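So you can see what is in the structure, the chains are spelled out below.
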Amino acid sequence: VLRSLGIPTRVITNFNSAHDTNINLSIDKYIDISGKTLCLNEDSVWNFHVWNESWFIRRDLGSFYDGWQVLDATPQERSKGIFQCGPASIRAIKEGDVNLDYDSSFVFAEVNADYVTWICYSNKRKERIYSDTRKIGKFISTKAVGTKSRVDVTDNYKYPEVKEISFKISYSQYKNSLRDDRKILVTAV
């Protein structure tokens, strides 16, 4: 419909798409002490999810948020009382501006939620035992114009994941680095 009105529109596919039902920006899995999954929420990760993007000028949000906007014709959660999703600015999603209207927090979670596993003890205490910040939002794609090729648009939605670098230093090196930090602090004061 939007294309027939002259509005640029394309289909987007997100693999490992999060469905964050409580909008806490994480997909929480709960297990008991034996490892059995507990059904304490309805968060889930879908193999993939598809939505549309359309190109809009955003006078309501400001020109910073102009450009591609997410519109989901198959919303799974209510937004302001009705089943709707968008138009959520791709720029807002990438920048983590999750407090904007039009479901930016839900779309942010679809592509960038943390996957967290909690162990629940009998005394109602819970402990986070695992967190994966890279699992959600993989190979976000659209079709190339004029061909059947895939175009990766993941970088439009989120910044590249930072790779952890592990290294070891001796205690004396660590201790000396603390001394250097104190020198800088004393000099700054």
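From a predicted model like this one, the values you see are computed outputs, not experimental measurements.

Engineer: Account for the nonpolar core, naming residues and giving values.
Structural biologist: Formed by 14 residues in total, the largest nonpolar core has its most connected members in Val70, Ile93 and Tyr157. Counting only elements with at least two residues in this core, the list comes to α1 (90-95) and α2 (104-112). Of all the elements, α2 adds the most residues to this core, at four residues. Apart from the residues lying within four places of it in its own chain, the contact partners of Val70 are Trp51, Asn52, Cys85, Gly86, Pro87, Ala88, Ile90, Ile93, Val107 and Tyr157.

Engineer: Please set out the sheet that holds strand β9 (residues 114-120) residue by residue, giving values where relevant.
Structural biologist: The strand order across the open sheet built from four strands is β3-β2-β9-β10, with neighbouring strands paired in mixed fashion. Looking at which strands have only one partner, the edges of the open sheet turn out to be β3 (37-38) and β10 (126-132). Here strand β2 (residues 26-31) runs beside β9; their pairing, made up of six bridges, is parallel. Across the sheet, the residue bridging to Tyr30 is Trp118, located in β9.

Engineer: Residue-level account of the sheet that holds strand β12 (residues 150-152), with values.
Structural biologist: The six strands lie next to each other as β8-β5-β4-β1-β11-β12, forming an open sheet whose pairing is antiparallel. Two strands lie at the open edges of the sheet, namely β8 (88-89) and β12, each paired on one side alone. Bridge count between strand β11 (residues 138-143) and β12: three bridges; the pairing is antiparallel. Pairing of Ser141 across the sheet is with Asp152, part of β12. Along the sheet face, α2 touches β1 (9-19), β4 (44-56), β5 (67-71), β8 and β11 and points at about 70° away from the line of β1.

Thresholds, definitions, all that
- Residues numbered from 1 in each chain as written.
- Predicted model: local features only at pLDDT ≥ 70, side-chain atom pairs only at ≥ 80, totals over all residues.
- Heavy atoms only, no water.
- Core = buried A, V, L, I, M, F, W, Y, C linked by side-chain atoms within 4.5 Å.
- Buried < 20%, exposed > 50% of the residue type's maximum accessible area, 1.4 Å probe, protein only.
- Helix = DSSP H or I, 4+ residues; strand = E, 2+ residues; numbered from the N terminus.
- Contact = heavy atoms within 4.5 Å.
- Pairing = 2+ DSSP bridges.
- Axes fitted to C-alpha atoms, helices over the stretch in contact; angles between N-to-C directions.

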